[in-house]
Amino acid sequence: MTIINKIEFIIDHIDPLGQGVFKDGENIYFIPKTLPGESGTARILKRKKGVHFCELISISNKSDVREVPLCVHFSECQGCHFLHTDYQSELSFKLSSFKRMLTPLNTNVEVEIISCSKRAGYRNRIQLHYNKKIKMIGFINPRNNRIVPVPSCEIATESIRAEVKKLYENKTWLKLVPKESKGHVEIYDSPEGLKINWNKRYSSGGFTQVNNEMNSKLKDSLNLSLKELNPSSILDLFGGGGNLSESYPQNRTVVDIYQEKMPSNFISLNLHEEGSLQTFKNLNSSKFDTIIVDPPRAGFPDFSNWMEHFSPQNIVYISCHPQTMIRDLKKLLESEKYRISKAQMLDLFPSTFHFEAMIVLEK
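Residues numbered from 1 in each chain as written. Predicted model: local features only at pLDDT ≥ 70, side-chain atom pairs only at ≥ 80, totals over all residues. Heavy atoms only, no water.

Visitor: Any chance you could explain the overall build of the protein chain here in plain terms?
Guide: Looking only at helices and strands, the protein chain features seven helices and 19 strands. For 363 residues, the compact-globule estimate of 2.2 N^0.38 gives 21 Å, and the C-alpha radius of gyration of the protein chain, at 22 Å, lies within 12% of that figure. If you take every contact in the protein chain between residues at least 6 apart in sequence, the share linking residues at least 24 apart comes to 60%. (Helix = DSSP H or I, 4+ residues; strand = E, 2+ residues; numbered from the N terminus. Rg over C-alpha atoms; globule rule 2.2 N^0.38 Å. Contact = heavy atoms within 4.5 Å.)

If you want it as structure tokens, here you go:
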């Protein structure tokens, strides 16, 4: 049997990962760096049971919203997904994806878009991977696990871009890298200035949102919702340093994993551990009328048990990975004890397929 490695395509729509989708009978093809209505040629990299993952070879018919990418690394780097189109189109693709994700929740609430003022120069933290044996440093391409050099990442802040440029000049990074032959370096802006960590865990200096402007907009949006809800007591789960609930310092309890000593209303607890709810009840017997949940990408599998126990009047779920948020919410909404009163898409990660979502539920 002849195995076809190249295909001619016409893109139907953009999927949640920012890839163009082409369907041919029972076969489906995912082609990054393409736009709806475009046709051209792609190379099949991987196939499994009628699903094909491809790379773009050429475009024969371009979309009217296609633009020249502002980053020279766009065609090789998998970090950004929408630099080949304008920002309004990017937001439209993200909104369509979010609405499709919301379908299992059977809600007709309007989704509000909160956009960012800039698509580049916003990211205050990046992580580069290195391999001393092959003398390469850059981002990892998830398709082949190879390092892609990025001496000029356009979405990073100006100070980070300047530092990255220094690392690449004359392979300076080779003189600075620790003894490990493979590893990573994290470069980030902090209130004390630019910081560089070699081979430490991500956000070892403390987690912060990567987009300062949109972090402020997220907090403003949350505070507006909280003002409308008028909470008397707040439980802030996965709350970190209390970034989201800081406007209510006197009547909140914040839960996360802490290495250092925290104020008495901050409880150190791994919320992903089995039995975390019982552990929390042993430590704190308070009741809460409002619960904020802002978990990592894996979501909060024990979400419904926590909500059933506390039965709060209001829930605000914030997520950087809406699919896991919707998984967590579905079971709770099936109980018909809560309804969705607000849904927002906040573009904390312009130029990429990622975005933050906030859903407010009321009893």
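Visitor: I'm lost on the pattern of salt bridges in this one. Help?
Guide: Working definition: two side chains of opposite charge can pair if their charged atoms are close together. The final tally for this structure, using the stated rule, is 13 salt bridges. One salt bridge in this structure joins Lys330 and Glu334, with 2.6 Å as the shortest N-O distance. On the criterion of helical spacing, the pair formed by Lys330 and Glu334 is a turn pair, its members being four residues apart in helix 7 (residues 322-334). Each member of the salt-bridge network shares a partner with another, and the members are Glu90, Lys94, Arg119 and Asp347. (Salt bridge = Lys/Arg side-chain N within 4 Å of Asp/Glu carboxyl O.)

Visitor: Looking at this model, I keep getting lost on the sheet that holds strand 2 (residues 13-14). Mind explaining?
Guide: Think of a sheet as strands paired side by side through backbone hydrogen bonds, with each pair either parallel or antiparallel. The sheet built from six strands is open, its strands ordered 1-5-6-4-3-2 with mixed pairing. With partners counted over all chains shown, the strands left at the sheet margins are strand 1 (6-10) and strand 2, one partner each. Here strand 5 (residues 39-48) runs beside strand 6 (residues 51-61); their pairing, made up of nine bridges, is antiparallel. Bridge assignment links Thr41 to a residue of strand 6, and that residue is Ser58. (Pairing = 2+ DSSP bridges.)

Visitor: I'm lost on the pairing of strand 3 (residues 20-24) in this one. Help?
Guide: On a regular strand, each side chain points to the face opposite its neighbour's, so the side chains alternate between the two faces of the sheet. Taken together, the two bridges between strand 2 and strand 3 define a ladder with antiparallel strand orientation. Directly across from Ile14, in strand 3, lies its bridge partner Gly20. Where strand 2 folds back onto strand 3 in an antiparallel hairpin, the turn is made up of five residues, including Gly18, whose phi is positive at roughly 80°. Taken together, the five bridges between strand 3 and strand 4 (residues 27-31) define a ladder with antiparallel strand orientation. Residue pairing across strands places Gly20 opposite Ile31, the latter belonging to strand 4. Taking the residues between adjacent antiparallel strands as the criterion, strand 3 and strand 4 are bridged by two residues, where Gly25 takes a positive phi near 65°.

Visitor: Help me understand the nonpolar core in this model?
Guide: When a protein is soluble and globular, its nonpolar side chains tend to lie buried together. One finds Leu237 and Trp306 to be the most contacted residues of the largest nonpolar core, which totals 83 residues. Examining the composition of this core, we find that six residues originate from one element, helix 1 (residues 87-102), more than from any other. If near-sequence neighbours (up to four positions away) are discounted, Trp306 is found in contact with Leu235, Leu237, Leu269, Leu271, Ser276, Leu277, Phe280 and Phe300. Among the nonpolar cores identified, the runner-up in size contains nine residues, and Phe9, Tyr29, Ile44 and Cys54 belong to it. (Core = buried A, V, L, I, M, F, W, Y, C linked by side-chain atoms within 4.5 Å. Buried < 20%, exposed > 50% of the residue type's maximum accessible area, 1.4 Å probe, protein only.)

Visitor: What's the story with helix 1 in this structure? I'm lost.
Guide: Every α-helix carries 3.6 residues per turn, so stepping three or four residues along brings you back to the same face. Taking 1.5 Å per residue as the helical rise, helix 1 with its 16 residues ought to reach 22 Å, and the 23 Å between its terminal C-alpha atoms agrees with that figure. Listed in full, the buried residues belonging to helix 1 are Tyr87, Ser89, Glu90, Leu91, Phe93, Lys94, Leu95, Ser97, Phe98, Met101 and Leu102. Where helix 1 is buried, its residues meet strand 2, strand 7 (111-114), helix 7, strand 18 (339-346) and strand 19 (356-362). At the N-terminal end of helix 1, a side-chain oxygen is found 3.2 Å from the backbone nitrogen of Gln88, two or three residues along, and the residue is Asp86. (Expected span 1.5 Å × (residues − 1). Polar contact = N/O pair within 3.5 Å; in protein donor to acceptor, adjacent residues only side chain to side chain.)

Visitor: Looking at this model, I keep getting lost on the environment of Asn223. Mind explaining?
Guide: Along the chain, the position of Asn223 falls in helix 4 (residues 212-229). The sequence separation of Asn223 and Glu246 amounts to 23 residues, and the corresponding C-alpha distance is 9.5 Å. With residues near it in sequence (within four places) discarded, Asn223 still touches Leu244, Ser247 and Tyr248.

Visitor: Explain helix 5 (residues 276-283) to me, please; I cannot follow it from the model alone.
Guide: Among the residues of helix 5, Ser276, Leu277 and Phe280 are the ones counted as buried. Here the buried residues of helix 5 occupy an arc of 100° about the axis, which is enough to place them on one side. Considering only its buried residues, helix 5 is in contact with strand 13 (234-237), strand 14 (252-256), strand 15 (266-268) and helix 6 (303-310). (Arc of directions from axis to C-beta.)

Visitor: Got a minute to help me understand the sheet that holds strand 13 in this structure?
Guide: A sheet is described by the order of its strands in space; here eight strands give the open sequence 7-18-19-17-16-13-14-15, paired in mixed fashion. Each having just a single partner strand, strand 7 and strand 15 make up the two edges of the open sheet. Looking at each pair of strands side by side, their axes are set apart by 15° on average, direction ignored. Direction of pairing for strand 17 (residues 314-319) relative to strand 19: antiparallel, over a ladder of six bridges. The residue bridging Asn314 from the neighbouring strand is Glu362, located in strand 19. (Axes fitted to C-alpha atoms, helices over the stretch in contact; angles between N-to-C directions.)

Just distances and angles here, no functional claims.
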